[in-house]
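Residue-level listing of the chains:
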Amino acid sequence: MDVEWLQKFCGTLPAVTEDIKWGNDLCFSIGGKMFCVAGLNEDLKISFKVTNDEFEELCSRKGVIPAPYMARHKWVLAEAAVFKRKEWERHLRQSYELVKEKLPPKIKKGLPG
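Keep in mind the model is a prediction, meaning the values are calculated, not measured. (Residues numbered from 1 in each chain as written. Predicted model: local features only at pLDDT ≥ 70, side-chain atom pairs only at ≥ 80, totals over all residues. Heavy atoms only, no water.)

(A) Region of the structure containing the overall build of the protein. The secondary structure content of the protein amounts to four helices and six strands. What you see in the protein, going N to C, is helices and strands ordered as α-β-β-β-β-α-β-β-α-α. Relative to the compact-globule value of 13 Å for 113 residues, the protein shows a C-alpha radius of gyration of 13 Å, a close match. Of the contacts made within the protein by residues no fewer than 6 positions apart, 47% connect residues no fewer than 24 positions apart. Accessible surface, the protein as shown: approximately 6800 Å² in total, 52% of it carbon and sulfur. (Helix = DSSP H or I, 4+ residues; strand = E, 2+ residues; numbered from the N terminus. Rg over C-alpha atoms; globule rule 2.2 N^0.38 Å. Contact = heavy atoms within 4.5 Å. Areas by Shrake-Rupley, 256 points an atom, 1.4 Å probe, with all protein chains shown as cover.)

Put into structure tokens, the structure is as follows:
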């Protein structure tokens, strides 16, 4: 998994925006809310939101930790090599849906699909 694959995959999700925040973090958002953040200044590590049930289980895996500053919101930080591509697709799609689900109704209404 690399940054180009991440950009391509996240770009397939409806209404996703991509930008750079904090100088070195590639961020993917839906309705102005981030669902995936990839650090660009080191080995590829990706932060994303998970379900409450998955949080502890994923954090017990080697290469996955609670995401700094976002763990209380059930975000994890994973090394790119931890998951196979199909697993990444599932986690990123789920993060997208979890964030989209919490958007205010006015913003959700303006999104496609």
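(B) Representation of the side chain of K49 within the structure. Mapped onto the elements, K49 comes out in strand β4 (residues 45-49). When near neighbours in sequence (up to four residues on either side) are disregarded, K49 contacts F35, H73, K74, W75, H91, S95, L98 and V99.

(C) A look at the pairing of strand β1 (residues 16-21). Judged from the six bridges that link them, β1 and strand β2 (residues 25-30) form a sheet pairing that is antiparallel. Residue pairing for β2: V16 is matched across the bridge by I30. Linkage of β1 to β2, two consecutive antiparallel strands, is achieved through a turn of three residues, within which W22 is found at a positive phi near 55 degrees. (Pairing = 2+ DSSP bridges.)

(D) Local environment of the pattern of salt bridges. A complete count under the given rule lists three salt bridges for this structure. We note a salt bridge from K21 to D19, for which the minimum N-O separation is 3.0 Å. Residue K21 is classed as partly exposed on the basis of its relative accessible area of 27%. For D19, a relative accessible area of 30% gives the class partly exposed. The salt bridge partner of R90 is E54, with a shortest N-O separation of 3.0 Å. Note that R90 is positioned in helix α3 (residues 85-101) and E54 in helix α2 (residues 52-59), a separation of 36 residues in sequence. (Salt bridge = Lys/Arg side-chain N within 4 Å of Asp/Glu carboxyl O. Buried < 20%, exposed > 50% of the residue type's maximum accessible area, 1.4 Å probe, protein only.)

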